[in-house]
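Survey of secondary and tertiary structure
The residues making up each chain are set out below.
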Amino acid sequence: MKNLSLAVALIGACVLAPAAQAQEPIVIKFSHVVAMDTPKGKAAEFFKKLAEERTQGRVKVEVYHNSALYKDREEMEALQLGAVQMLAPSLAKFGPLGIREFEVFDIPYILDGYEALHKVTDGPVGAKLLKLLEPKGIIGLGYWDNGFKIMSANKPIKTPADMRGLKIRIQSSRVLDAQMRALRTLPQVMAFSEVYQALQTGVVDGTENPPSNMFTQKMHEVQKHATITNHGYLGYAVIVNKKFWDGLPKDIRDILEQAMKETNAYNNEIAKKDNDDAMEGMRASGRTEFHTPTEAERKAWVAALIPVHKEVESRVGKETIQDFYKATGQQP
Ligand code: LMR
């Protein structure tokens, strides 16, 4: 009798097991445009690992690096349509969604380092900005740092006057357009995936990027000169499709939220060092000549770019700009 019940139990287990196994995991497609070996690429992999381990396989995160799935503009559309569930676009790329306030991050010299940045992104000003995404069907899960931008070209660009007439690739931000026009250049919006080739073939003369992006895309191999202006910031907001996120089982969403919190901290710990290492790597390669502005040159860059703060007020919103000044304690 004992044997019989054991046999029944075993048969039952065999019948039930495949059904349990057949339960499909929840798939999160995470698309982004930079290399895996960048702060964003590494953070995406970090999140994948935490999410998959802690949900014991109930969630599968598919990370697509380097524009492998979608380019800049396409990925925003894909998120809204639900074709991907998670992105971390640069803060300069939210304008096309109809949210102009994020372009405040692009204003030259509005953030003078990571400390000032974190006063915004870790505080109420950062949270208020993320809330603006919700009416667009998007939830902001936090900010991921990258770094401060340097200016590059195929001729020496020690002062703003050297920039005059150059064709410069920018991200799709009107503030960056205003910034480049203030330098008397011809800004050209272009998807990140196309920049290397455009620099190589001379479609554009130069660009701006944090060292980590420049190095991992090998832009230093096709730019002879760069000036360490640190004139502006480039970083990200991690975003998800709201319908997808709200529809997750609560226990899963809680695990993912905690995993994302830890990923945010991880990303923001590695971003500065990654950029410092990228700078070293580019210097060691000897392909680009790097110029550090003298005090007089730095003042000339600041003087050329500070008027952009006022100029973009009507686009970004006076209140948002004031929020930044107050949070950082810095105002030009
Ligand atoms: C760029 O287009 O230059 C950046 O936004 C790429 C990125 O995601 O860092």
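Located above this text is the structure these notes cover.
Calculation criteria
The residue count restarts for each chain, going from 1 along the sequence in the order it is written. Local features in a predicted model are, by the rule used here, given only for residues with pLDDT of at least 70; side-chain atom pairs are given and counted only at 80 or more, and totals for whole chains, interfaces and linings are based on all residues. The side-chain values count all of the structure's non-hydrogen atoms but skip hydrogen atoms and water molecules. Following DSSP output, two strands are said to pair if at least two bridges run between them. Counting from the N terminus, the helices are the DSSP runs of H or I reaching at least four residues and the strands are the DSSP runs of E reaching at least two. Pairs of residues are marked as contacts when any of their non-hydrogen atoms sit within 4.5 Å. Each axis is a line fitted through C-alpha atoms, taken for helices only over the stretch in contact, and angles between the N-to-C directions span 0 to 180 degrees. The near set for a molecule or strand comprises every residue that places at least one heavy atom within 4 Å of it. Under the rule applied, a polar contact is a pair of N or O atoms within 3.5 Å (in protein, one hydrogen donor and one hydrogen acceptor; residues adjacent in sequence only if both atoms are side-chain atoms). Per-residue and other accessible areas were derived by the Shrake-Rupley procedure at a 1.4 Å probe size, with only the shown protein chains allowed to occlude residues. Definitions used throughout: a 1 Å grid over protein atoms alone; a cavity as a set of points that fits a 1.4 Å probe which cannot get out; a pocket as an open set with protein on both sides within 12 Å along at least five of seven lines; a lining residue as one with an atom within 4 Å of a point. For a molecule to be placed in a cavity or pocket, more than half of its atoms must lie within 2 Å of the grid points of that cavity or pocket. In this classification, Asp, Glu, Lys and Arg are treated as charged, Ala, Val, Leu, Ile, Met, Phe, Trp, Tyr, Cys and Pro as nonpolar, and every other residue, Gly included, as polar. Grid points are joined across faces, edges and corners, and a volume is the space filled by probe spheres set on the points. The rule is simple: take the accessible area with a 1.4 Å probe, protein chains only, and divide by the maximum for that residue type; under 20% is buried, over 50% is exposed, in between is partly exposed.

**Focus on the sheet that holds strand β2 (residues 59-64)**
Strand order across the open sheet formed by five strands is β2-β1-β3-β10-β4, with mixed pairing between neighbours. In this open sheet, the two edge strands, each paired with only one partner strand, are β2 and β4 (138-148). Where strand β3 (residues 86-87) meets strand β10 (residues 233-241), two bridges bridge the pair, whose relative direction is antiparallel. Residue pairing for β10: M86 is matched across the bridge by V240. Strand contacts of helix α5 (residues 124-131): β4 and β10, with the helix running at about 130 degrees to β4, the strand carrying the most contacts. Packing against the sheet, helix α10 (residues 250-285) makes contact with β1 (26-31), β2, β3, β4 and β10, and its axis sits at approximately 15 degrees to β4.

**Some points on the site of the ligand**
With respect to spatial proximity, the complete set of residues near the ligand consists of V33, V34, K40, S90, K93, R169, Q171, F192, N209, N213, L234 and Y236. R169 has a polar side-chain atom sitting 2.8 Å from an oxygen atom of the ligand. Burial of the ligand by the surrounding chains reaches 99%, relative to a free accessible area of 270 Å². When each cavity is represented as a set of grid points, the ligand is found to reside in the largest cavity. Looking at the shell around the ligand residue by residue, the classes come out as five nonpolar, four polar and three charged.

**Here's the deal with the layout of surface pockets**
Its boundaries defined by the atoms lining it, the largest pocket holds a volume of some 550 Å³. Broken down by element, the residue count for the lining of the largest pocket peaks at four residues, all from α10. For the lining of the largest pocket, the per-class residue count stands at 13 nonpolar, nine polar and four charged. Each pocket or cavity is described by its volume, and for the second largest pocket that value is around 260 Å³. D72, R73, E74, P96 and S172 are the residues nearest the centre of the second largest pocket, which is lined by 15 residues in total.

**Here we look at the pairing of strand β6 (residues 167-170)**
In the sheet, β6 pairs with strand β7 (residues 186-189) via four bridges, with the strands oriented parallel. By the bridge assignment, K167 is partnered in β7 with L186. Pairing geometry for β6 and strand β8 (residues 206-209), over two bridges, is parallel. Bridge pairing links R169 to T207 in β8.

**A look at the environment of R174**
Structurally, the position occupied by R174 is in helix α6 (residues 174-182). The class of R174 is exposed, set by a relative accessible area of 54%. A C-alpha to C-alpha distance of 8.2 Å links R174 and R315, two positions 141 residues apart in sequence. When neighbours within four sequence positions are excluded, R174 is seen to be in contact with E103 and R315.

The quantities given are spatial measurements derived from coordinates; they are silent on function.
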